[in-house]
Amino acid sequence: PVPVDVISVASQASLSPQTDLTQILNYAAPSFTSNSTTVADGTDHIDPAQLRGLGPDQVLVLLNGKRRHTSSLVNINGSPGRGSVGTDLNAIPAFAIERLEVLRDGAAAQYGSDAIAGVINVVMKKNIGQLTAAITGGGFNSSGSNDHHGGWDGGKFQLDLNYGAKIGSNGFI
């Protein structure tokens, strides 16, 4: 027996206000860490994902069981995981994901040295001929926002659409 976290993205959407995949995992997986940094090289755009406190290059990311490529950004300066190259999880739209499987410790041993910290298997939705949609919005209303004049600050709106098409007898896009 080994720890495997199976995280349903649909159920997490109603539990947490997050829309980015790394932020959903921060909320749902106890051993996962991803910090949004600013002015620390290109990690403004690519958040390095870490499992069990180890480097981003020691986490193997699979997409439907197939190896996902790492980013081309080497983390430098004061960013977490500096000196390593991780996988950009935020390049995968969270709305297109059915579930996440996070394998730690012994479960990751079968994948070799690429998975020292663990494995994140991203299982995509397989709906065919069905359109699904979601609208997410939020913000913060406070008297201290907008130069202390009050109002809304940090507003975010997102529209997600997902449609699957069949390719051959077993494939989908």
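What counts and what doesn't
All residue numbers refer to position in the chain's written sequence, counted from 1. It should be noted that, the model being predicted, local features are given only for residues of pLDDT at least 70 and side-chain atom pairs only at 80 or more, the latter also being counted only at that level, while totals for whole chains, interfaces and linings use all residues. Side-chain numbers here rest on the full set of heavy atoms in the structure, without hydrogens or water. We count a stretch as a helix when DSSP gives it H or I for four or more residues in a row; a strand needs E for two or more, and each element gets its number in order from the N terminus. Each residue is assigned to one of three classes by its accessible area relative to the maximum for its type, calculated with a 1.4 Å probe on protein chains only: buried under 20%, partly exposed between the two thresholds, exposed over 50%. Here, two residues are considered to be in contact whenever any of their heavy atoms come within 4.5 Å of each other. Areas reported as accessible are Shrake-Rupley estimates using a 1.4 Å probe. Residue values count occlusion only from the protein chains shown. Nonpolar core, defined: a set of buried Ala, Val, Leu, Ile, Met, Phe, Trp, Tyr and Cys residues in which side-chain atoms within 4.5 Å join the residues together. Within this analysis, patches are made of residues with over 30% relative accessible area and no salt bridge. Like charges are joined at 9 Å or less; nonpolar side chains (Val, Leu, Ile, Met, Phe, Trp, Tyr) at 5 Å or less. In the sections that follow, a salt bridge refers to a side-chain nitrogen of Lys or Arg positioned within 4 Å of a carboxyl oxygen of Asp or Glu. Only strands that DSSP links by at least two bridges are regarded as paired with each other. Any pair of Phe, Tyr and Trp rings, taking the six-membered ring for Trp, is counted once the centres come within 6.5 Å. Such a pair is stacked with planes under 30 degrees apart, edge-to-face with planes over 60 apart, and tilted for the rest. Only when the NZ of Lys or the CZ of Arg is both within 6 Å of the ring centre and within 35 degrees of the ring normal is a charge said to sit over the ring.

Of regular secondary structure, the protein chain possesses 3 helices and 11 strands. Each helix and strand of the protein chain, placed in order from N terminus to C terminus, yields the pattern β-α-α-β-β-β-β-β-β-β-α-β-β-β. Considering the protein chain as a whole, with its 173 residues, one finds that 39% of them fall into the buried category. For the protein chain, the share of sequence-separated contacts (at least 6 apart) that also reach a separation of at least 24 residues comes to 60%. Entry remark: accessible area of the protein chain is about 9,800 Å², with carbon and sulfur atoms responsible for 53%.

Residues Leu25, Phe32, Leu89, Ile97, Leu100 and Ile120 are the most contacted members of the largest nonpolar core, which totals 22 residues. One finds Leu60, Leu62, Leu103 and Val119 within the second-largest nonpolar core, a separate group that totals 5 residues.

Attention now moves to a nonpolar patch on the surface. There is a patch of nonpolar side chains on the surface, built from Leu131, Ile135, Leu159, Leu161 and Tyr163 and spanning about 630 Å² of accessible area. In terms of residues, the nonpolar patch owes the most to one element, strand E9 (residues 151-163), which gives 3 residues. Structurally, the position occupied by Tyr163 is in strand E9.

A few words now on the pairing of strand E6 (residues 97-103). Most of E6 is tucked away: 5 of the 7 residues are buried. As paired elements, strand E1 (residues 4-8) and E6 share 5 bridges and run antiparallel to each other. The residue bridging Val4 from the neighbouring strand is Leu103, located in E6.

Taking burial as the measure, the 7 residues of strand E7 (residues 118-124) include 7 buried ones, the bulk of the element. Of the two faces of E7, the one lined by Gly118, Ile120, Val122 and Met124 and the one lined by Val119, Asn121 and Val123 are each fully buried. Relative to E7, strand E4 (residues 59-63) runs parallel, the two sharing 5 bridges. Among the inter-strand pairings, Val59 is bridged to a residue of E7, identified as Gly118. The pairing of E6 with E7 spans 6 bridges and is antiparallel. When the sheet's bridge partners are listed, Val102 is paired in E7 with Ile120.

The next thing to look at is the side chain of Asn162. Tracing the chain through its elements places Asn162 in strand E9. With a relative accessible area of 15%, Asn162 lands in the buried category. In this structure, Asn162 is in contact with Phe95, Ala96, Lys125, Gln130, Leu131 and Thr132, ignoring residues within four places of it in sequence.

Inspection of the entire model under this criterion finds 2 salt bridges. Of the charged contacts in the structure, one is a salt bridge between Glu98 and Arg99, with a shortest N-O distance of 3.1 Å. With relative accessibility at 27%, the residue Arg99 sits in the partly exposed group. Arg99 serves as the salt-bridge partner of Glu101, at 2.9 Å between the closest nitrogen and oxygen. Linked through salt bridges whose partners overlap, the residues forming this network are Glu98, Arg99 and Glu101.

With that settled, the discussion passes to the packing of aromatic side chains. Here the distance between the centres and the angle between the planes together describe a pair of aromatic rings. A complete count under the given rule lists 0 aromatic pairs for this structure. Above the ring of Phe95, the side-chain terminus of Lys125 is found at 4.0 Å from the ring centroid.

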